[in-house]
Every structure is written in C-alpha cells, then in structure tokens.
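# Examination of the molecular architecture
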2 protein chains.
Amino acid sequence: MRIGFVGLGVMGTPMAANLAKAGHELFLYRGREGLDGTHCTSAAEAAAEAEVVILMLPDTPDVENALFGPEGVAEGIKPGTLVIDMSSISPTATKEFAQRLKGCDYLDAPVSGGEVGAQQATLTILVGGEPDVFDRAKPLFETLGKNITLIGGTGAGQTAKVANQIVVGLTIEAVAEALLFAEKAGADPAVVREALMGGFAQSRILELHGERMVQQTFDPGFRIRLHRKDLALAIRAAAELDLALPNTAATQQLMNAAIADGDGELDHSALYRTLRRHP
Amino acid sequence: MRIGFVGLGVMGTPMAANLAKAGHELFLYRGREGLDGTHCTSAAEAAAEAEVVILMLPDTPDVENALFGPEGVAEGIKPGTLVIDMSSISPTATKEFAQRLKGCDYLDAPVSGGEVGAQQATLTILVGGEPDVFDRAKPLFETLGKNITLIGGTGAGQTAKVANQIVVGLTIEAVAEALLFAEKAGADPAVVREALMGGFAQSRILELHGERMVQQTFDPGFRIRLHRKDLALAIRAAAELDLALPNTAATQQLMNAAIADGDGELDHSALYRTLRRHP
C-alpha cells in the first residue's frame, strides 16, 4: 500500500520501519535518515500520494495542525483516503477532526506498549471507527502490534487509551505509596514487593515499575511529562462529562510536583521519588 | 500440637477447621458448633492449655482486649508459649503487644486471600518476627496458606499487610475511575476492560474486580467497611512516620462516602458505584 506517515519521532520511526519492512511504499513527513521511503516536504505532499495516511504525533494541537494547518493533510488528501490517527489525543477533538475530513474514512488508533512495543511490533492498539473501515486497516495494524481491539465508534479508541493511562498512572502511584510506606515503617520494600506479587495486589506495574522503585532506577520507559499530558486529557474530558476522578486529579498534581523537581523526563515510576521528597 | 485459637469468625472458623483436620488439638474461644476441639469459656483458658496461641480478630482493640483484658491470654499463658496474631492490626501496637508478653515468643502473621483462601488453605501469609520462631511456626502456616513470607522483625508482617491493602484499595479505585470514564464517554466498559488486560494496565484487580464493576455485582468478597479500617491503619501510621499518602487518604474518604450510602457491607469493587453517585 501507499502510506503517508506523518510524525516520525520515538514511536513513529520504528512503526514506519516495520511498515516499510512489510513491503509498503512510504511517503514520510518529516522523513528521517535511514528510513526507506519518499521524503516529503509537507504533510499535504505525503497525503497526496497515499491511500492511507497515518499520524503519530505528541498531542491534540499537533494533530490539528498536521491535518488542517498550512500545507496540512487536508490540503493534499484525495477523497476516499483512509486517515488513521495513532497519536494519543482528546476523544472529543477526535470526533470533530473525523467530521471535518469530509469524504475520507477515519480511525483513531492510539497505542500502548512504548518504544520497545513499537520496535518489536507488539503494540496494543485501541481503535475507534466503523467496523468495515477497521477491517480494511487491520492488516496494517497487524504489522505494528498484537492486541488489536475495535472498541467502538469514532473517539472510542482515544477513550480506551485515556482509561488505560488512568489505570497505569494510578496503579504506579498506589505501588509507590505502598512501597514507601513499607520502607518508612522499617520493612524491606524488595521483600514486601515479592510477597505481594502472590496475592490480589499482583499487577504488571507491581512487577515492572515496583522493581524500578526498589532498584531506584528511573530511566524511561514512559516519561512523567507525557503521562501528565494523558491525565490532563482525562481531567478535561471529566469536566465535560460532569465526572469526578479524584485520584486521577491528585496523581496529575503529583506529576506537576515531579516535573517541578526536574524529573519530567524520568520514567513514571519516579513518582516514588516525588512522594518521598514531599512529605 | 495443642493450639489455643481465639477469634472464630468468618476467617478464623475455616482456619481452625484446617488445623483440626491436620490433626492438631484445638482449644477454642469462642467455640462454634461443628468445630472439633475443646470449647473454652475465656481466652485465658484457651491459652492455658496451649503450646501455640493463634488470634484472628477484627481490629487492634480486639487483639489488645483478648491478650491483656480480663480473662485474656496473658492471664492464662505459660512462659515459652508461641503467640501468633493473624489479625490485620496496627504495626506499632503489634510491637508493643510483643514486648508486653514477656517470656513468650510472638509472630505477627496477617493474611490475604479472604474467606475462600481460608477455606481452601491458600492464604498469603505475611510474617514478622525472629527467624527461628518463624521456622517453628512454618508447618502451621503451611496448613493454612501457600505464599508464606518472613518479611522482617516484629511488626513487619502487619506493615506488609497494610502495604498490600494500599495497593489493592487504590488499584480498585483506579479501575473504577477508568471504567467509569469509559462508560460516561460512550465506550463499552466491558470491551475496554478486555482490551486493557493485554497491556501494562493488567492486574488481578482489573481481571476480577473490573469484571464485578462491568457486571455490577458487588457481593463480598472483601467488605468496604473492613477495607476502610485497613486504610485507617495506613493513615494513622503515615502520620506517625511523617509520610504523605495522598491517594490512600482520598480513597479512604471515598470509602466513607460508600459507607454513608449504605454500601459498607458490599465488596470493595462497589467503589465504582460510589464514584458514579458522587459526581
């Protein structure tokens, strides 16, 4: 397939490489050295050549700008083209973007699994859109990831991703409070973590991020700065929905403190350090 | 062995039954019909006959009263007897109780795994005390549970149990916020839960309690009223340790709201309902 790929950062670059390896013809913006494909000078140019346009950008305004800004996708795209936004952005804005791209099909398909998942093509992919459009895109998703779910209509993929980030962020915070409690009360957090793995407290977070807290090694992984953005999406949507998310709000505040401490580029498990520093 | 067993409630009864089945001679207070053993009229009487005294009581004051109150364990116990407190109580009070029981060995050994774990002898047991005393008690623990860990010195078992209850309570709250968010934003929480199970959000809580939230069936399980008590232990100890546990505190407040709503006897997964009701 002829694929326009917009957004070649930490995640987009290995994803585009996997698509190229599978034999797809790529139109890249902005292209990176070492990536196979045509390097374009604008998102419009990448879209003009493509049957499918994939976006992988940091935040809602970046996607809006790439789609509808000057020399954006909307200026170059042909009717009938499929647009797949794999960025993690606002569910509400997603619905609006899909409507504005008249004549095109649209899927929101944010991912979970990080840089390693992107490289190894083991990403979890959470999709919103029409079932027949999802079926068309499925072979592409299978080149990029493993757990691929059509959650519901347009925006539902982004909604599920926000839900994922709530669970992950708040579980990390829970493990941090628990291990810090153990430590301050005089128990060895490594022994406590190990003992807790056998019961209801078991989670991938306790296993992986709990280990990072015990070792006090906080290389990312997933950065606190980016996780704060995801919880901001939750908080903003919660206000629109008249919904109380007390621990999401408190955890985002703690991420603000972490960033103020200069820890924004550390792995989110470094919230342990933030709690320790702010008694 | 001759075992005094004090506290034959929902947990203590099946635990005592497992000890009797393994061939131990039990001195029960307060005995229940159908349980094999000698039914005693006081904790002192149960202790007087025993090489090991096991306590399984609801809260710190109950243990204090059973040990040191009128006709309590301390009045009947012989020097050299091993006291094992399997209740979930304050780590600080535990250290004090162990010191007051001069001439006796003491282990704190709270459990996790609930009524089903007690019946099936699959409890997780978190132990604090001296290694040689732990070794003496280990065959008894193996009659009652499966994951048995000596965490550290006296009180460390209780500390680990509090840490466990922090992780469990806050992870349930996290899953409740996430699934409620999904639902209010128009996605199917059952589909979202299933999709999230494949990634970093995976936990036994998402699996088990997430399912209860999706089905809206909140039969206990573990009651909100009891979990509030466990988080109260955390909050009290945190004040003694000058430690900030923001999400533990917020979750305990939510449990207060659940109890005010008349949901105290429901499973802790019913926090989903509380969040839904209090926008």
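Note that the structure is a prediction, hence the values are computed from the model and not measured.

## Looking at the overall build of chain A
Counting its secondary structure elements, chain A contains 13 helices and nine strands. Its C-alpha atoms give chain A a radius of gyration of 20 Å, near enough to 19 Å, the size a compact globule of 279 residues would have. In terms of principal-axis extent, the alpha carbons of chain A reach across some 65 × 40 × 35 Å. Within the span of chain A, comprising 279 residues, buried residues form 58% of the whole. Taking the contacts inside chain A whose residues are at least 6 apart along the sequence as the reference set, 62% of them involve residues at least 24 apart. For chain A, the exposed surface amounts to about 10500 Å²; the carbon and sulfur share of it is 48%. A gap of 2 Å separates the mean positions of the 24 positive and 35 negative side-chain charges of chain A.

## Some words on the pattern of salt bridges
All names here are of chain A. Overall, the coordinates contain 30 salt bridges over all chains when judged by the stated rule. For Asp 261, the salt bridge goes to Arg 277, with nearest N and O atoms at 2.8 Å. Taken together, the residues span a long stretch of sequence, with Asp 261 in the loop between α12 (246-260) and α13 (271-277) and Arg 277 in helix α13 at a distance of 16 residues. For Asp 261, a relative accessible area of 29% corresponds to the partly exposed category. Note on Arg 277: relative accessible area 36%, which makes it partly exposed.

## Considerations on the environment of Ala 187 of chain B
Note on placement: Ala 187 of chain B falls in the loop between α8 (156-184) and α9 (189-196). The residues touching Ala 187 of chain B, leaving out its near neighbours within four places in the chain, are Ile 151 and Thr 159 of chain A together with Ala 182 and Val 192 of chain B.

## As for the pairing of strand β2 (residues 25-29) of chain B
All names here are of chain B. Among the five residues in β2, four count as buried, and that is most of the element. Where strand β1 (residues 2-6) and β2 come together, five bridges link them in parallel fashion. From the neighbouring strand, Gly 4 faces β2, where its bridge partner is Phe 27. Note that the unit made of β1, helix α1 (residues 12-21) and β2 has a crossover that is right-handed. Across two bridges, β2 lies against strand β3 (residues 38-39) in parallel orientation. From the neighbouring strand, Leu 28 faces β3, where its bridge partner is His 39.

## A look at the UniProt feature "domain: 6-phosphogluconate dehydrogenase NADP-binding" (unreviewed entry) in chain A
The feature "domain: 6-phosphogluconate dehydrogenase NADP-binding" (unreviewed entry), as given by UniProt, occupies residues 2-152 of chain A in the numbering adopted here. A helix fraction of 40% and a strand fraction of 26% characterise residues 2-152 of chain A, whose end C-alpha atoms lie 27 Å from each other.

## Structural notes on the packing of helix α9 (residues 189-196) of chain A against helix α10 (residues 204-215) of chain A
All names here are of chain A. Between α9 and α10, the least distance of the axes is 10 Å, while the angle of their chain directions is 175°. Relative to α10, the element α9 lies roughly antiparallel. Here α9 contributes Pro 189, Ala 190, Arg 193 and Leu 196 to the contact with α10, which in turn contributes Leu 206, Glu 207, Gly 210, Glu 211 and Val 214. Looking at the contact of α9 with α10 residue by residue, the classes come out as five nonpolar, one polar and three charged.

## Focus on the UniProt feature "domain: 3-hydroxyisobutyrate dehydrogenase-like NAD-binding" (unreviewed entry) in chain A
Mapped onto this numbering, the UniProt entry gives "domain: 3-hydroxyisobutyrate dehydrogenase-like NAD-binding" (unreviewed entry) at residues 155-274 of chain A. Between the C-alpha atoms that bound residues 155-274 of chain A the distance is 33 Å, and the span itself is 72% helix and 0% strand.

## Considering the interface of chain B and chain A
In this complex, chain B contributes 59 residues to the contact, which on the side of chain A involves 59 residues. Summed over both sides, the interface between chain B and chain A buries roughly 5100 Å², with carbon and sulfur atoms accounting for 70% of that surface. It is Glu 177, Phe 181 and Phe 200 of chain B in chain B that bury the most area against chain A; as a group they hold 16% of the surface buried on that side. For the pair chain B and chain A, the number of links is zero salt bridges.

## Examining the relation of the copies chain B and chain A
With an axial shift of 0.0 Å and an RMSD of 0.0 Å, the rotation relating chain B to chain A amounts to 180°. Those values place the two copies in the arrangement expected of a two-fold rotation axis. In terms of C-alpha distance to the rotation axis, chain B has Ser 203 of chain B as its closest residue, with the C-alpha 2.0 Å off the axis. Comparing contact sets, 100% of the residues at the interface of chain B also lie at the interface in chain A, consistent with an isologous, same-surface contact.

## Thoughts on the layout of surface pockets
Residue and element names in this part refer to chain B. Taken as a whole, the second largest pocket encloses approximately 1200 Å³ of empty space. Along the walls of the second largest pocket sit 46 residues, with Met 11, Gly 114, Glu 115, Gly 221 and Phe 222 positioned nearest its centre. Each residue belonging to the lining of the second largest pocket can be placed in one class, and the counts come to 15 nonpolar, 21 polar and 10 charged.

## A short note on helix α7 (residues 131-144) of chain A
All names here are of chain A. Spanning 14 residues, α7 covers 19 Å between terminal C-alpha atoms, matching the ideal 20 Å at 1.5 Å per step. Its axis deflected by about 45° at Lys 138, α7 carries its strongest bend there, up to four residues before the proline Pro 139. Among all positions in α7, only Val 133, Phe 134, Ala 137, Leu 140, Phe 141, Thr 143 and Leu 144 are buried.

Definitions and cut-offs
- Residues numbered from 1 in each chain as written.
- Chains lettered and ligands numbered in written order.
- Predicted model: local features only at pLDDT ≥ 70, side-chain atom pairs only at ≥ 80, totals over all residues.
- Heavy atoms only, no water.
- Helix = DSSP H or I, 4+ residues; strand = E, 2+ residues; numbered from the N terminus.
- Rg over C-alpha atoms; globule rule 2.2 N^0.38 Å.
- Buried < 20%, exposed > 50% of the residue type's maximum accessible area, 1.4 Å probe, protein only.
- Contact = heavy atoms within 4.5 Å.
- Areas by Shrake-Rupley, 256 points an atom, 1.4 Å probe, with all protein chains shown as cover.
- Lys, Arg positive; Asp, Glu negative; His and termini not counted.
- Charge placed at Lys NZ, Arg CZ, Asp CG, Glu CD.
- Salt bridge = Lys/Arg side-chain N within 4 Å of Asp/Glu carboxyl O.
- Pairing = 2+ DSSP bridges.
- Right-handed = clockwise from strand over helix to strand, strands pointing away.
- UniProt positions renumbered as here; feature names shortened; annotations may be inferred.
- Axes fitted to C-alpha atoms, helices over the stretch in contact; angles between N-to-C directions.
- Parallel < 35°, antiparallel > 145°, perpendicular 65-115°, else oblique.
- Nonpolar A, V, L, I, M, F, W, Y, C, P; charged D, E, K, R; others polar.
- Buried area = accessible area lost by both parts, 1.4 Å probe.
- Least-squares fit on C-alpha atoms with pLDDT ≥ 70 in both.
- 1 Å grid on protein atoms, 1.4 Å probe; cavity = no way out; pocket = protein on both sides within 12 Å on 5 of 7 lines; lining within 4 Å.
- Points joined across faces, edges and corners; volume = space filled by probe spheres on them.
- Expected span 1.5 Å × (residues − 1).
- Bend = angle between axes of the 7 residues up to and from the residue.

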